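Given next are the chains, with one letter for each unit.
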Amino acid sequence: MVSIAVCSGKGGTGKTTVTANLAVAMAQYGRDVLVVDADIEMANLCFHLGVDGSSPTLHDVLAGKAELAEAVREAHGVKVLPGAISLKALKRADPERLEEVFSALEKHEIVLIDAPAGLGRPVLTALSVSEAALLVVNPEISSLSDALKTRVVAGKLDTKVLGAVINRWRGTAEEIPNRDIENVLEAKVLATIPEDTNVRASCSYGVPLVLYKPDSPAAQAVKKLAADLLGEEYRPPKKSLRERLKNLLVRL
Ligand code: ADP
Ligand code: MG
């Protein structure tokens, strides 16, 4: 099993979006992938993957009210361990049991952990049980500063930082360039995912962008990331006949 914690430090950078899409993209390369919503307080992975967020969930497992296997569902080719969205379930869940749950996930080839923001106990647990971490960073100073803290903590916990995933990139002048992000984090930028209005729409339909708009630049960035992490060959989508003709005419 390979377990990867998807972290960022700051909230709202796109951890859940990246986790859901990366999981589906990895499954498209034939891997057995389980995604875990480890954002115990603000669970919402179920919406991104269009799965039922009602009991039994991870929260029921943490409350000792359900077995792990009962809480795992399947969607879009991946296994999903969702969290509950109700406050009642949150109150009953015992985060101290998270480590026990993670150690029971070993039968899956790849486990992606959608970590919460901050550096609280669930993040530390997610990082310490994971072999590796991805840092989801928006190209702005507040996001970079929070990602740096996460990076340092991951290092102290001996979790290998695979690199950074730049999300919501617009290519504007005020954005921090990738090479500066790499210098600050002492980590490689593995992917740059552009800002894309389809992300919100895909979440509304519960269909990850890699399936909802598979040829979009944002979906392609995630697919390439999945291929690179898995050591697979990435094949960009074929251009339409119209685009190919346009390119040909430009070259003539
Ligand atoms: P986190 O899990 O880090 O809190 P989410 O994945 O929930 O972040 O994303 C936060 C918000 O940003 C959501 O509304 C999501 O639709 C939006 N978002 C994420 N990535 C992108 C993107 N590449 N382009 C446009 N919107 C995005
Ligand atoms: Mg999230």
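Residues numbered from 1 in each chain as written. Chains lettered and ligands numbered in written order. Predicted model: local features only at pLDDT ≥ 70, side-chain atom pairs only at ≥ 80, totals over all residues.

Draft legend 1. The environment of P82, seen in detail. Following the sequence through the fold, P82 ends up in the loop between β4 (78-81) and α5 (87-92). We classify P82 as buried; it has 28 C-beta atoms within 10 Å. Expressed as a C-alpha distance, the spacing of P82 and S240, which sit 158 residues apart in the sequence, is 38 Å. Ignoring anything within four residues of it in the chain, the contact list for P82 reads D37, A43, L45, C46, V51, G53, T57 and L58. (Helix = DSSP H or I, 4+ residues; strand = E, 2+ residues; numbered from the N terminus. Buried ≥ 20, exposed ≤ 12 C-beta atoms within 10 Å, placed from the backbone. Contact = placed C-beta atoms within 7 Å.)

Draft legend 2. Representation of the site of ligand 1 in the model. Around ligand 1 there are 17 residues in total, and G14, K15, T16, T17 and V199 lie nearest to it. For the shell around ligand 1, the secondary structure elements donating two or more residues are α1 (15-28), β7 (160-169) and α10 (198-205). When the residues that make up the shell around ligand 1 are grouped by side-chain class, the tally is four nonpolar, eight polar and five charged. (Near = placed C-beta within 6 Å. Nonpolar A, V, L, I, M, F, W, Y, C, P; charged D, E, K, R; others polar.)

Draft legend 3. Spatial organisation of the sheet that holds β7. A sheet is described by the order of its strands in space; here eight strands give the open sequence β3-β4-β2-β5-β1-β6-β7-β8, paired in mixed fashion. With one partner strand each, in any of the chains shown, β3 (73-75) and β8 (189-194) form the two edges of the open sheet. The sheet shows a mean angle of 25° between the axes of neighbouring strands, direction not considered. Pairing analysis gives five bridges linking strand β1 (residues 2-7) to strand β5 (residues 110-114), with the strands arranged parallel. Bridge pairing in β5 places V2 opposite I110. Where α1 meets the sheet, its contacts fall on β1, β2 (33-37), β4, β5, β6 (132-137) and β7, and the angle it forms with β5 comes to roughly 165°. Each of β7 and β8 is contacted by helix α12 (residues 217-230), which is oriented at about 160° to β8, the strand it contacts most. (Pairing = 2+ DSSP bridges. Axes fitted to C-alpha atoms, helices over the stretch in contact; angles between N-to-C directions.)

Draft legend 4. Inspection of α1 at higher detail. In this model, α1 (14 residues) spans 20 Å end to end at C-alpha, consistent with the 20 Å of a helix rising 1.5 Å per residue. Counting buried positions over the 14 residues of α1 gives 13, a clear majority of the element. Directly beyond the C-terminal end of α1, a positive phi value near 85° is found at G30. (Expected span 1.5 Å × (residues − 1).)

Draft legend 5. Expanded view of the pairing of β7. The buried count for β7 comes to seven of ten residues, which makes it a mostly enclosed element. Pairing geometry for β6 and β7, over six bridges, is parallel. Following the sheet pairing, A133 is matched in β7 by V161. Handedness of the β-α-β unit built from β6, helix α8 (residues 141-156) and β7 comes out right-handed. (Right-handed = clockwise from strand over helix to strand, strands pointing away.)

Draft legend 6. Molecular detail of the packing of α8 against helix α9 (residues 178-185). Viewed as axis vectors pointing N to C, α8 and α9 meet at an angle of 35°, and their least axial separation amounts to 10 Å. Where α8 crosses over α9, the handedness of that crossing is right-handed. Residues L144, A147, L148 and R151 of α8 form the contact with α9, whose participating residues are I181, V184 and L185. (Left-handed = near helix turned anticlockwise from the far one by under 90°.)

Draft legend 7. Molecular detail of unusual backbone geometry. Cis peptide bonds are those with omega within 30 degrees of zero, and the linkage from S55 to P56 qualifies with -5°. Of note, R168 is a non-glycine position whose phi angle comes to about 65°, a positive value. Within the secondary structure layout, R168 lies in strand β7. Of note, E186 is a non-glycine position whose phi angle comes to about 50°, a positive value. Turning to its location among the elements, E186 is positioned in the loop between α9 and β8. Since 11 C-beta atoms lie within 10 Å of it, E186 is described here as exposed.

Interpretation note: all reported values are geometric properties and have no functional meaning in isolation.
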